[in-house]
Amino acid sequence: MSDDFDLDPQPVAKTGWRRFLPAWPRRTRSDLDDVPSYTAAERSRLAKALRWGGGVLLVIIVLYYPIGALISHKINDNADFTAPAIPAEASQTVAMAAALLDREVNGTTWPANSPWFFPGAILDNMPNFQSGEIQALQRVVTELRDQIGRSRGTSSADRALQDAASYLNNQPDIWYIDLSRSWAPMKPSESYYNDAMKALNDFNGRLTRGDAVFERRADNLLSTLDRINQDLGAASDDIDKEIDQQSGAWFDLNADDVFYRNKGELYAYGLLLKALGQDFKQVLAEKGALNVWQRMVGSMMEGATLQPWFVINGETASIAQPNHLAEQGFYLLRARAQLEEITDILQK
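In this text the structure is predicted, and so the values were computed from the model without any measurement.

(A) Spatial organisation of the overall build of the protein chain. Helices and strands together make up the secondary structure of the protein chain, namely 11 helices and zero strands. Along the chain direction, N to C, the helices and strands of the protein chain fall in the order α-α-α-α-α-α-α-α-α-α-α. Across the 348 residues in the protein chain, those meeting the buried criterion constitute 42%. Roughly 20,200 Å² of accessible area belongs to the protein chain as shown, and the carbon and sulfur atoms make up 56% of that amount.

So, in structure tokens, the structure goes:
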């Protein structure tokens, strides 16, 4: 019998599922002795590098959102905005609707649906402004589909106008991934609005060729104005509620939401009604309503182009606190009064 003992560790037999795993080499004490050790100076340099790297990363994160948001932020309230030139047979209203969509979706960013890791996610005023524009576009395109874009309101709805109205009916905050809406990838809002723009351009193209209908009748115009007046009434109610509940507060965080949503709605309606007045110029001239129409559009644009540094919902009788909602509401109510005057003229 040998007196020598085997001091090398014997491999342990694997059982069960472990036998399918690869055999990894075991590290011995001699292997650990070969690992290099860091001196105090080397550890100090490593710690300094980590601190510098962390500081640089923190600065990038801190600057990423404000600088990115500043680059993305743009309130397109140019009162002189015009649509591209179109043939005389086409509709100025349809062209303006398509031009507004093209500018907001393709010419600027669309932060209303930006996820948290995009700098546009911290923006507030621009998404509300664009949402207000979409609301006005939804109304006008719906009226084109239901009234103006069909013969006497009895024929079937135009295919392109029907598609445009359907696309515009999507909410402005849809992104590719939204588990609260669907587990599957989604089509983002700006893609729907791009499709609406294409459908409107298709309608105008067919209208130019005589393959579509655009009924320039007083009763169609009257019906459209009634619906727009209802929307403006709802916007006025939003202002009244915010003033009643929060006026006097220096930091009313909802005041700017109301202000910029109404601003976008007034702006889009101002441009769309200006274009609608060109489409219905003969009807308005025959009724003697051209001057009132121009004043109504002017009132909308005055309310739409207010540009306070900060939206303040102050006491309505205060000297120290302005109330930008009340100022906007003045122009909105004046536009509504002029719109109602036009409807009275058209009914005669």
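(B) View of the nonpolar core. Grouped together as the largest cluster of nonpolar side chains are 78 residues, with contacts concentrated most on Leu100, Leu101, Leu200, Leu273, Trp293 and Met300. A total of 13 residues in this core trace back to one element, the largest contributor, which is helix H8 (residues 255-279). Among residues more than four places away in sequence, those in contact with tryptophan 293 are Leu221, Leu225, Leu273, Lys274, Leu276, Gly277, Leu284 and Ile342.

(C) Fine view of the packing of aromatic side chains. Using the criterion set out here, one finds 11 aromatic pairs in the structure. On the numbers, 5.9 Å between centres and 40 degrees between planes, the contact of phenylalanine 129 with tyrosine 267 is tilted. Here phenylalanine 129, found in helix H4 (residues 125-148), pairs with tyrosine 267, found in helix H8; they are 138 residues apart in sequence, far enough to count as distant. Classification of tyrosine 267 as buried rests on a relative accessible area of 0%. When the ring centre of phenylalanine 81 is taken as reference, the NZ or CZ atom of arginine 103 above it lies at 4.4 Å.

(D) View of the pattern of salt bridges. Applying the stated criterion across every chain yields a total of 18 salt bridges. Note that glutamate 104 is salt-bridged to arginine 103, the shortest N-O span being 3.0 Å. In this pair, the class of glutamate 104 matches that of arginine 103, namely buried. Note that arginine 217 is salt-bridged to glutamate 215, the shortest N-O span being 3.3 Å. Overlapping salt bridges bring together Arg139, Glu143, Arg227 and Asp231 as one network.

(E) Spatial organisation of helix H7 (residues 218-246). An ideal rise of 1.5 Å per residue puts 42 Å on 29 residues; H7 measures up with 42 Å between its terminal C-alpha atoms. Directly after H7, the chain includes glycine 248, whose backbone phi takes a positive value near 100 degrees.

(F) Here's a closer look at a nonpolar patch on the surface. Together, Trp52, Val56, Ile60, Tyr64, Trp116, Phe117 and Phe118 make up a nonpolar patch on the protein surface, roughly 800 Å² of accessible area in all. The topology assignment puts tryptophan 116 in the loop between helix H3 (92-107) and H4.

(G) Geometry of helix H5 (residues 159-168). Those residues of H5 not exposed but buried are Ala160, Leu161, Ala164, Ala165 and Leu168. An end-on view of H5 places all buried positions within 135 degrees of arc, on one side of the element. Residues of H5 that are buried sit in contact with H3, H4 and helix H6 (189-209).

Cut-offs applied
- Residues numbered from 1 in each chain as written.
- Predicted model: local features only at pLDDT ≥ 70, side-chain atom pairs only at ≥ 80, totals over all residues.
- Heavy atoms only, no water.
- Helix = DSSP H or I, 4+ residues; strand = E, 2+ residues; numbered from the N terminus.
- Buried < 20%, exposed > 50% of the residue type's maximum accessible area, 1.4 Å probe, protein only.
- Areas by Shrake-Rupley, 256 points an atom, 1.4 Å probe, with all protein chains shown as cover.
- Core = buried A, V, L, I, M, F, W, Y, C linked by side-chain atoms within 4.5 Å.
- Contact = heavy atoms within 4.5 Å.
- Phe/Tyr/Trp six-rings, centres within 6.5 Å; stacked < 30°, edge-to-face > 60°.
- Lys NZ or Arg CZ within 6 Å of the ring centre and 35° of its normal.
- Salt bridge = Lys/Arg side-chain N within 4 Å of Asp/Glu carboxyl O.
- Expected span 1.5 Å × (residues − 1).
- Patch = residues over 30% accessible without salt bridge, like charges linked within 9 Å, V, L, I, M, F, W, Y side chains within 5 Å.
- Arc of directions from axis to C-beta.

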